[in-house]
Each structure stands twice: as C-alpha cells, then as structure tokens.
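# Inside the fold
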Amino acid sequence: MSAAQNTGIGKAVRQLLVAAAACLAVAGGAAYAVSPDSAPVDPQTVAGVADDNGWPVAPPQPTPSPTN
C-alpha cells in the first residue's frame, strides 16, 4: 500500500468515527428528552372544557324557536 492509500483510509476511519459520535450524541439527547426522569410537564387543557383552568366557559347556545 502506498502512503496515499494509508492517508485515505485514515481519513475515512476518522470521518466514520466522527459520524458515529454525532449519531450517538443525537440518540442520547433523544433518549434523555423522552426519559421518565426528565422534567415533568403540566397537562394541557382546552379552554372552556375544564372548570379549574381559569378560562371562561362559553354559555350554551340557545335552541332557536320555530318561525312558522
């Protein structure tokens, strides 16, 4: 093998290791984000549905009276 081939193989190995490290970092961050030990999130409620969320509840629509 020539020196140029050795340099090319070394460069390919380094790039492979950098790509593997980047993938592991992303996978680790995703695993941390969805882990049950991560910070708790308050459940969201839709306005007007729950009485305890502080939002006003829309009044019910009156039934229309017949016009005939």
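Preceding block: the structure.
Each value, and the rule that gives it
- Residues numbered from 1 in each chain as written.
- Predicted model: local features only at pLDDT ≥ 70, side-chain atom pairs only at ≥ 80, totals over all residues.
- Heavy atoms only, no water.
- Helix = DSSP H or I, 4+ residues; strand = E, 2+ residues; numbered from the N terminus.
- Buried < 20%, exposed > 50% of the residue type's maximum accessible area, 1.4 Å probe, protein only.
- Areas by Shrake-Rupley, 256 points an atom, 1.4 Å probe, with all protein chains shown as cover.
- Patch = residues over 30% accessible without salt bridge, like charges linked within 9 Å, V, L, I, M, F, W, Y side chains within 5 Å.
- Salt bridge = Lys/Arg side-chain N within 4 Å of Asp/Glu carboxyl O.

### Details of the overall build of the protein
A tally of regular secondary structure across the protein gives 1 helix and 0 strands. Considering the protein as a whole, with its 68 residues, one finds that 4% of them fall into the buried category. In the form shown here, the protein has an accessible surface area of approximately 6300 Å², with 66% of it arising from carbon and sulfur atoms.

### Considerations on a nonpolar patch on the surface
Where nonpolar side chains cluster on the molecular surface, the patch consists of Ile9, Val13 and Leu17 and spans about 280 Å² of accessible area. By the secondary structure assignment, Leu17 is in helix H1 (residues 3–34). A residue is classified by how much of its surface remains accessible, and Leu17, at 56% relative accessible area, is exposed.

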